[in-house]
Each structure stands twice: as structure tokens, then as C-alpha cells.
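Residue strings, one per chain:
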Amino acid sequence: MKLEEIARELGLSELTPAVDGDAEIARGYASDLLSDVLAHAPEGGVLVTLQVHLNVIAVASHAELAAVIFAGNRRPDEDVLAKAVAEGISLYVSPADTFDIVGRLYALGVKGNHA
Amino acid sequence: MERLDYDIRSGDFNGAGAASRDLKQHLKRIGAESDAVRRAMIAAYEAEMNVVIHADGGRLEATVSDGQLDVDVVDRGPGIPDIPRAMHEGFSTASSEARALGFGAGMGLPNIERNADRIRVTSTVGEGTRVSFSVMLRPEAADHGARPSSLGTVPELCRDCRHCLVACPTAAVRVRDARPSVMDHVCIDCTCCIAACAPGALTLLDAPGALIGDGGVLAVPPALLAGFGEHPAGTVLDELRGIGFSAVVSVHPYEDALRRDVLDRAATGDGPAPVISPVCPAVVNLIELKFPALVKHLAPLASPWEALQRDLGERDATFAVSCPSQRTALLSQQPTAQRRTVTVRLVREALLPHLAARRPAPGDGAPRPQAAGADDLLVVSGVSHVLAVLEEIEDGRLGGVTAVEPYICDGGCFGSPLLAEDAFVAAWRWAASAGDARDGGQSLERSRPFRARPGIRLDADMAVAIRKLARLDAETAALPGKDCGVCGAPTCAALAEDIVMERATQALCPYVKPEEGTAS
């Protein structure tokens, strides 16, 4: 499913309109431990996390993720947004908590590493 | 060769990642394969974060040459008192600030280990830590030059006796400042330095808590099953099952299957004779490094451990390995399920108390039958004998032999220096022990061909290599030829090579007078 369709289905607010949302998303990962994200997040996937600082973008870039969804209405600073745009990573925010976001992603067919 | 250099500042969480990001651009420009870039970046970023989180600053140096990325991250900081523990997932000493940002979960070093093809961590408490790792940038590069080695070093145990220098069949070991180091581009992952090192500074390490019977399969070699005095293999198997594994399997059916396959290939007479069995990965490494002409003699099959691992499929398993080369071979297969390797030493020590409480009971069943055609097989073990036989094959002097089964360790895998029982006693006990299930093993075709490995060439560029060769001759002539080992290299020729390759200087030789530049 395309990223922008996912955003629409889940009612996500897009934080980086400058990055196009036509990436095809098949896999996802949820974690607030960045080393864990590095170790296990699937290439080209989406990350759901509570962390909103700059290192999230570095980690998402190294793990070659397509998008990050910030849960619990947590919003990153401007410099984080700028970095994400520079790296071509789409950022979204949702008022829902991690569990609910992951559940709805799963229902849309976005699976984890082992499904 | 390209060299990149970065400063890393302590506590600079926002700036962290700059070095690894820049490195990534370089790697992409030189056409590194994308999976390799990803792995290199994850390892570099974790190493960078370690400095940011733990140290008072440091440097990241990266060099790219010959399809290989080498990264050296050196910091000034508290050092790591217990490296094996730090390598263990979940162990962390990070600050609460780092933890709040989602770091310090104790995954940094394990993450580097998982993504790099090779890692070495050395540390001095109160001074700092050096993390060195390498990533092969092209899949085929893993078959050239340096390759991952499982040999471990515990430098602080070194007594500076230098027995390892002489023991190494490929002159890969150096001892300088009472610290052994191994040059991976010529290391063949064998046990020679381990056997020579009484204090255990060169060894095969176990991660703490590595032997966890969490319901998976435990795979063991016959040498372990036959290594408990008069306790028959069946008793040892019983006790092993009792420490928490769902099943215990022996690798010997796969050894037998490999032997049958090699004998079959020898019997057809296709291909160059004799056929050499790839049973011992260290001998395979030796052939690829020093006997390139014999690579085509190797039966294109995987080692018994690899065949067993393939058969275990998706089942979680722990492998009790007898040497570094078995561990490397298992890890290089990139298994799909959870896999651990432990040393046979660790399993043996865990089992000793259980068996001490049991009275040896006689085994039942007939002695092990020999594989059909085994009379035609030349089994050779021990590094000096293996070298002699390989030279005979290379020179065409080994007439009448159709199949060779070479093992680096004296007495084959029964002679692993990680085991306590004498190789010949253990082999005898195994041969005399009851015949439990010995079928079901099968040989496995290799997915990648064996390849000569140009680890000993002086330079990738032949013109440069020729110039270096001339310098090598001159440097060798300037040294006394005593091969005394005082300089930390095994021979004068090895020191000369170190000088030419800029790993050492002539000043290390106690016999060369500085003003003359030649030996007195």
C-alpha cells in the first residue's frame, strides 16, 4: 500500500509535504530503542516511535526506512523536519498511541519482519 | 585506497551520525553493494554513538581498499573492564540522558558485531577503547584478502612467551608490547596458536551465558561425546539433554555423509586426483591461501557442520564448535533461525559436574562400522603433516592416492585444544562406543565455489607489488636471519614484510645498528 493511502486511512498528519508519499510500504517496526530499530527495522519500511529527536532521522536514514510515524501526538522540532526532508524520509504524527497505530497498520496489510 | 578521518565529540547527540553519513556517501560513490553499505552504516553509527555516550571524545578513521572497508574508532574514556560482557546484548552502562534518547539499551557492540564481517574490541580501563571492524563491500570480496576470523584475543593474559609466533602456519601472529595480534588477511582460523598459548591469550571466546538450554537443539561433535573417560557417548547424550535442550544431535552422520560423497567422487575418477575433502574449514582456508593450485582438488561440498545447520532449517540451535574455523563457517551461512555457537570447552565444563555424580556404565551396541571404501582414504592430521601432504600433491608426488581427508588439528577434531582428553584416547573411545543413530546425515553442495585467496600478495596493483617485492628482498638482506622473534614477528622475512607493508620498522630488530642499517 502506498504511504499516502496509509496516511489517509489512519488519519495521520503529514509533517513533511516536501517528501513525496508514493513509496510502497509492506513492512513496519515499532520501537523506542534506536539500536533496536537499527538492528531490526526492515529496509523500506515504516517506523512507529515515541522518540522525536534528531537521532531518529539518522537512524531511519541508516536503516533505510521510508517513513516515521510519531505516536501520542509527539511533534519534532523544525530542525528534525528539515533533516528528514534532506534525507527523503516522510514524517507523520498521530494522536493515537503506538499500539493502536500498529494495529491499524497491520489491518491494512503492513506486517512485521516475521509475518 | 581512500582514507577518511572524523572527530567525534563527547555528548554531542545532535552531531552524532555525521561521520557515518559522510562515509555512506563515499561508499555509494565507489559503488559498494547496497546491503554492505547498510551494514557498514549501522556499525559505524553505533561505534560513533558509543563515543558520544561513553567517552570524552575520539576519532573515527575509515579506509577503503580492495573491496573492504576498515573502520577504526578510538576514544579517550573510561574503557571497558569486561569486553565479553559488553558484547552481550542487554548490558549497558549508559547515562540516563542517553537512555532517554533511546540509546544505551546494551545493543551497540552486539549491533556492530552483527553487521560487520569482523570486529575486534580492545580497551584499557581509564584510558580508552578501540573498536575496529571491517565490512566486505562486494559479496565476492569476502573471498579475497581478509575474511572474518573467529579467533579471539585476551591481550592481558599474554605472557610474552611468543610460542604462538612459531606455531602459526601462515605467519599471521605478531606479539608486540606483550600483546598478541592476528593479521586477518593471512589467518586461516585454525587452532595452532590456541594450542601453543598456555595462558589462553589466543583462544576461542564464549559470550557470557552463551550456553542456555532454551528448548532449541544442541549440536555436538563426537569428540565431546567421547571426551568423558569411561562414560559412553549415550550417557553423555542423556546428560546433555538434561541441561535444557529439546534435542541433542551429533555432527558425525554428516561427517560420514561427507566422507561417502568424497569417496564416490574419487571413485568416478573425474576431476583432478586426489580429491581433497573439505571436512576441516581451516585446511580449506590454508589451501585457498597457500595452495591455490589445489583449490580444484577440493570436493565442492560444505563442511559437516554447515550441512547439519542447513538440515536444522528453521529450528533454533546451539552449535558446540571445536575451533574458530567451524564457527566462522557456520556464521558465514547466514542462517535464518536463531543460532548460537559455543565452544566444546564450555559444554564440557558445564557437563562435568553432572557426570562426576554418575558411575560409568558400559555402553551397548556394536562398534562403529567404517564407511565403505574407507580403505582408499588417506586421513592426515596435524598441521605439519597436512602441509607435507599438500606439498606432495602440489608437486605431483602423491601417486596412488585417490582421496585425502586432512585435518589441521593433531588427531582430527578429537585433537581440538579446547578439549581435555587426548585425541587418540577420545578417538579410540568413540570408535569403540555404541552405534547409536548414524544415518540421516547428508552432504551439502556448496553455494559458493572455493577460490584462491590473494592474502599474501603485497599489493593489489601488480606494478606496486613488484616494487614492494624488491624492497622486501633488500629489507630481508639487512636483517640478521636469526629468526629469533624478539621483534615480535616469527621470522626475519616476516619482519621485512612488516616493514615493507608499514606495519613495523627496522628499529624493532635488536641486531641492526641504527647507523649502519644492517645486521652486525
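Source: prediction; values computed, not measured. Chains are numbered independently. Their residues run from 1 in the order of the written sequence. Ligands are numbered from 1 and chains lettered from A, in the order in which they are written. Local features in this predicted model are restricted to residues whose pLDDT is 70 or higher, and side-chain atom pairs enter the listing and the counts only when it is 80 or higher, whereas totals over whole chains, interfaces and linings include all residues.

Peer 1: Mind showing me how you'd approach the overall build of chain B here?
Peer 2: Secondary structure elements follow DSSP: runs of H or I of four or more residues count as helices, runs of E of two or more count as strands, with numbering from the N terminus. Scanning chain B from N- to C-terminus turns up 18 helices and 16 strands. Sorting the 520 residues of chain B into buried and exposed places 47% on the buried side. Considering only intrachain contacts with a sequence separation of at least 6, the fraction spanning at least 24 residues in chain B is 71%. Comment: burial labels come from other C-beta atoms within 10 Å of the residue's own C-beta, placed from the backbone, where a count of 20 or more is buried, 12 or fewer is exposed, and between is partly exposed. Two residues form a contact once the distance between their C-beta atoms, set from the backbone, is within 7 Å.

Peer 1: Got a minute to help me understand unusual backbone geometry in this structure?
Peer 2: Trans peptide bonds make up most of the peptide bonds, and negative phi angles are found at most residues other than glycine. All names here are of chain B. Residue Pro 274 is reached from Ala 273 by a cis peptide bond, and omega for that bond is -5 degrees. Here Pro 274 is to be found in the loop between helix H10 (252–268) and strand E12 (275–276). Look at Arg 162: it is not a glycine, yet its phi comes out positive at around 70 degrees. With respect to the element layout, Arg 162 can be found in the loop between strand E6 (152–153) and helix H6 (163–167). Given 21 C-beta atoms within 10 Å, Arg 162 falls into the buried group.

Peer 1: I keep staring at the nonpolar core and nothing clicks. Help me out?
Peer 2: The nonpolar side chains of a soluble globular protein tend to be buried, and buried together. Under the definition applied here, buried Ala, Val, Leu, Ile, Met, Phe, Trp, Tyr and Cys residues are grouped into a nonpolar core through C-beta atoms within 7 Å. Counting 92 residues, the largest nonpolar core has Ala 219, Val 220, Val 283, Ala 320 and Ile 408 of chain B as its most contacted members. Domain delimitation in this document rests on an assignment produced automatically or drawn from a domain database. Looking at which domains feed residues into this core, each of domain 2 (150–203) and domain 3 (217–432) of chain B supplies at least three. If we skip the residues at most four places from it in the chain, Val 220 of chain B touches Leu 225, Leu 240, Val 248, Ser 250, Ala 320 and Val 347 of chain B. Listed in part, the 79 residues of the second largest apolar core include Leu 3, Ile 25 and Val 80 of chain A together with Val 121 of chain B.

Peer 1: Is there a simple way to explain the interface of chain A and chain B in this structure?
Peer 2: The parts lose accessible area when they come together, and the size of an interface is often stated as this lost area. Contacts between chain A and chain B engage 15 residues on the former and 18 residues on the latter. Counting residues per element, the ones that place at least two in the side of chain A that touches chain B are helix H2 (34–40) and helix H3 (54–62) of chain A. Residue contributions to the side of chain A that touches chain B peak at five residues, all from H2 of chain A. Only Asp, Glu, Lys and Arg are considered charged in this grouping, and only Ala, Val, Leu, Ile, Met, Phe, Trp, Tyr, Cys and Pro are considered nonpolar; every other residue, Gly among them, is considered polar. For the side of chain A that touches chain B, the residue count by class is six nonpolar, five polar and four charged.

Peer 1: Can you help me understand the pairing of strand E13 (residues 317–321) of chain B in this one?
Peer 2: Along any regular strand, the residues point their side chains to alternate faces of the sheet. All names here are of chain B. The buried count for E13 comes to five of five residues, which makes it a mostly enclosed element. The alternating pattern of E13 places Ala 317, Phe 319 and Val 321 on one face and Thr 318 and Ala 320 on the opposite face, and all of these are buried. Pairing between E13 and strand E14 (residues 339–343): five bridges, direction parallel. By the bridge assignment for E14, Ala 320 is matched with Val 342. Pairs of strands are assigned from DSSP output, requiring at least two bridges between the strands.

Peer 1: Sorry if this is basic, but what is going on with the sheet that holds strand E4 (residues 67–70) of chain A here?
Peer 2: Whether parallel or antiparallel, the strands of a sheet pair through hydrogen bonds between backbone atoms. Residue and element names in this part refer to chain A. Spatially, the five strands line up as an open sheet ordered E1-E5-E4-E3-E2, and their pairing is mixed. Of all the strands in the sheet, just strand E1 (13–14) and strand E2 (28–30) have a single pairing partner and so form its edges. The pairing of E1 with strand E5 (residues 90–93) spans two bridges and is classified as antiparallel. Residue pairing across strands places Glu 14 opposite Tyr 92, the latter belonging to E5.

Peer 1: Help me understand the confidence of the model for chain B, please; the structure alone is not making it clear to me.
Peer 2: The predicted coordinates ought not to be read in detail in places where the model reports low pLDDT. Residues and elements named next belong to chain B. Per residue, pLDDT captures the predictor's confidence, and it can take any value from 0 to 100. Residue-level pLDDT values for chain B average 86, and 90% of them are 70 or greater. Per-residue pLDDT, averaged within each element of chain B, yields its smallest value for helix H3 (residues 83–86) (80) and its largest for strand E16 (residues 403–407) (97). Note that residues 140–145 has pLDDT below 50 and, in this model, 18 contacts with residues that lie over four places away or in other chains. At the level of chain-chain contacts, confidence expressed as ipTM amounts to 0.79, with global pTM at 0.61.

Peer 1: Where do I start with helix H16 (residues 423–432) of chain B in this structure?
Peer 2: All names here are of chain B. Within the sequence span of H16, burial applies to Ala 423, Ala 426, Ala 427, Arg 429 and Trp 430. Angularly, the buried residues of H16 cover 165 degrees about the axis, an arc narrow enough to put them on a single face. Looking at H16, the residues exposed on the side facing more than 90 degrees away from the buried face are Phe 424 and Ala 431. Directions pointing from the helix axis toward each C-beta atom define the arc.

Peer 1: Would you explain the sheet that holds strand E11 (residues 247–250) of chain B in this entry?
Peer 2: Residues and elements named next belong to chain B. What the four strands build is an open sheet, ordered E11-E10-E13-E14; its pairing is parallel. Single-partner strands in this sheet number two, and they are E11 and E14. Each adjacent strand pair in this sheet contributes to an overall mean axis angle of 25 degrees, direction not counted. Every axis corresponds to a line fitted to the C-alpha atoms, with the helix fit spanning only the stretch in contact, and the corresponding angles, defined between N-to-C directions, vary from 0 to 180 degrees. Sitting on the sheet, helix H14 (residues 344–356) is in contact with strand E10 (217–220), E13 and E14, with an inclination near 75 degrees to E14.

Peer 1: Just to check I follow, could you spell out the packing of H3 of chain A against helix H4 (residues 78–87) of chain A for this structure?
Peer 2: In helix packing, the relevant descriptors are the interaxial angle and the interaxial distance, both defined with respect to the helix axes. Residues and elements named next belong to chain A. Interhelical geometry of H3 versus H4 gives an angle of 15 degrees and a closest axis separation of 9 Å. Viewed along their axes, H3 and H4 adopt a mutual orientation that is roughly parallel. You can see that H3 and H4 cross each other, and the crossing is right-handed. Every residue of H4 that contacts H3 at Leu 54, Ile 57 and Ser 61 is listed here: Asp 79, Val 80, Lys 83, Ala 84 and Glu 87. Within the contact of H3 with H4, the residues separate by chemical class into four nonpolar, one polar and three charged. Roughly parallel means an angle under 35 degrees; roughly antiparallel means over 145; roughly perpendicular covers 65 to 115; every other angle is labelled oblique. For any pair of crossing helices, the crossing counts as left-handed if the nearer helix is rotated counterclockwise from the farther one by less than a right angle, and right-handed if it is rotated clockwise.

Peer 1: Explanation requested: helix H18 (residues 492–500) of chain B in the structure shown.
Peer 2: Three or four residues apart is the spacing at which side chains of an α-helix point the same way, because the helix has 3.6 residues per turn. Residues and elements named next belong to chain B. Of all nine residues that make up H18, eight are buried, and the element is covered over most of its length. In this fold, the buried residues of H18 make contact with helix H17 (462–478). Positive phi shows up at Glu 502, right after H18, with a value of about 60 degrees.

Peer 1: Even after reading the chapter, I still don't get the packing of H17 of chain B against H18 of chain B, so can you show me in this structure?
Peer 2: Residue and element names in this part refer to chain B. Across the interface, H17 lies against H18 with an axial gap of 9 Å and an inter-helix angle of 130 degrees. Here H17 lies oblique to H18, going by the angle between them. Here the hand of the crossing between H17 and H18 comes out right-handed. Contacts from Lys 468, Arg 471, Leu 472, Glu 475 and Thr 476 in H17 reach Cys 492, Ala 493, Ala 496, Glu 497, Ile 499 and Val 500 in H18.

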